[in-house]
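Each chain, written out:
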Amino acid sequence: MTFLRSALLAAALAAGALTPAAAQDAARGAALAEARNCAGCHGAAGISELEKIPSLAGQPAEFITLQMILFRENLRQAEPMNQLSQGLTDQQVEDLAAHFAALAPAPPPDLAPRDAALAERGQQLSASMNCGVCHLPDYRGRNQIPRIAAQREDFLRHTLAQYRDSQRRGTDTNMNAVMYGVPDDAIAALAHYLAHQPARAE
Ligand code: HEC
Ligand code: HEC
């Protein structure tokens, strides 16, 4: 399994590195997203209004591409995405990624009122756990590392607990190691803090 993951990652990276710049087509991606009704769950313009469903607007294209391939190959298990990604070609995945990466990020529509003490604790945890080292100091992400600023708080809580409990694995085990043994209240503080970070575009 580890070998398969590494091989897929290598293949995805090679594809990204070798594909001419013109090959990703955001307009084609927009048409496909419309045909497949991605907005039905991920929201108009990629800002999710549904519980535990992540916003996609402004995610790095490489992150979206890789996650779609992980879904398609059943390496990241999360219905309905495994089902929905079946049959998508690498080209279609890259087009979808280019489309969502180009959309402007925005605060989650259900943003809870900011709790100063909780946000402060989240900020301290983020600093001591080096979240900004990989996700960048303003948490906008880069390459295969996702944007986590202004993501939905409920999705952040859900997915951080999944990493901790080894229910979600990525192409590497970084996040499982980061979240190992982290209690629920610390996860809640991190999620609250990150959901309230400004939704800066690149
Ligand atoms: C029926 C609802 C539904 C539809 C339609 C849908 N998605 Fe999703 N999607 C989800 C859910 C739920 C998750 C989160 C799964 C989890 O990790 O718990 C998700 C996760 C994702 C992720 C991972 C994002 C992240 O931050 O981890 C990507 C990328 C994605 N979807 C892309 C798409 C694209 C592209 C389409 C259209 C082709 C689409 N989705 C259509 C429900 C949907
Ligand atoms: C060593 C680098 C590294 C550090 C440190 C790190 N992350 Fe990550 N993070 C990643 C990578 C790589 C991914 C994508 C992994 C995958 O494919 O699932 C990720 C994914 C995530 C996701 C999933 C987002 C989504 O939309 O699916 C969240 C949430 C997240 N990280 C939060 C955090 C928080 C909070 C911290 C600090 C407590 C942190 N990360 C520290 C590298 C890191």
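Residues numbered from 1 in each chain as written. Chains lettered and ligands numbered in written order. Predicted model: local features only at pLDDT ≥ 70, side-chain atom pairs only at ≥ 80, totals over all residues.

In the nomenclature of an unreviewed UniProt entry, the chain is known as C-type cytochrome of Falsiroseomonas tokyonensis.

**Considerations on the overall build of the chain**
The number of helices and strands found in the chain is 11 helices and 0 strands. Secondary structure elements of the chain occur, N-terminal to C-terminal, as α-α-α-α-α-α-α-α-α-α-α. Among the 202 residues that make up the chain, the fraction classed as buried is 38%. Taking as baseline every contact in the chain between residues at least 6 positions apart, the subset at least 24 positions apart corresponds to 74%. (Helix = DSSP H or I, 4+ residues; strand = E, 2+ residues; numbered from the N terminus. Buried ≥ 20, exposed ≤ 12 C-beta atoms within 10 Å, placed from the backbone. Contact = placed C-beta atoms within 7 Å.)

**Some words on the packing of helix α4 (residues 61-72) against helix α6 (residues 90-102)**
The description of two packed helices rests on the angle between their axes and on the distance between the axes. The N-to-C vectors of α4 and α6 enclose an angle of 140 degrees; their axes lie 8 Å apart at closest approach. Taken together, the axes of α4 and α6 are oblique relative to one another. Where α4 crosses over α6, the handedness of that crossing is right-handed. Along the contact surface, α4 presents Ala-61, Ile-64, Thr-65, Met-68 and Ile-69, while α6 presents Val-93, Glu-94, Leu-96, Ala-97, Ala-98, Phe-100 and Ala-101. (Axes fitted to C-alpha atoms, helices over the stretch in contact; angles between N-to-C directions. Parallel < 35°, antiparallel > 145°, perpendicular 65-115°, else oblique. Left-handed = near helix turned anticlockwise from the far one by under 90°.)

**Things to note about the site of ligand 2**
Neighbouring residues of ligand 2: 23 residues in total, closest Met-129, Cys-131, Cys-134, Pro-146 and Gly-170. Elements represented by at least two residues in the shell around ligand 2 include exactly α8 (131-135), α9 (153-164) and α10 (174-179). Of the residues contributing to the shell around ligand 2, the split by class is 13 nonpolar, 9 polar and 1 charged. (Near = placed C-beta within 6 Å. Nonpolar A, V, L, I, M, F, W, Y, C, P; charged D, E, K, R; others polar.)

**Details of the site of ligand 1**
As a matter of local geometry, ligand 1 sits amid 21 residues, with Arg-36, Cys-38, Cys-41, Pro-54 and Ala-78 nearest to it. Those elements that place two or more of their residues in the shell around ligand 1 are α3 (39-42), α4 and α5 (81-85). Looking at the shell around ligand 1, its residues break down into 14 nonpolar, 5 polar and 2 charged.

**What to know about the environment of Ala-27**
You can see Ala-27 is positioned in helix α2 (residues 26-35). The exposure class assigned to Ala-27 is exposed, which follows from the 11 C-beta atoms found within 10 Å. Taking the C-alpha atoms as reference points, Ala-27 and Ala-98, separated by 71 residues in sequence, lie 8.5 Å from one another.

**Observations regarding the nonpolar core**
In terms of nonpolar packing, the biggest core is built from 19 residues, with Ile-64, Met-68, Leu-96, Ala-97, Phe-100 and Ala-101 touching the most fellow members. Those elements that place two or more of their residues in this core are α4 and α6. Looking at this core element by element, the count peaks at 8 residues for α4. Beyond its immediate sequence surroundings of up to four residues, Leu-96 is in contact with Gly-29, Leu-32, Ala-33, Ile-64 and Met-68. (Core = buried A, V, L, I, M, F, W, Y, C linked by C-beta atoms within 7 Å.)

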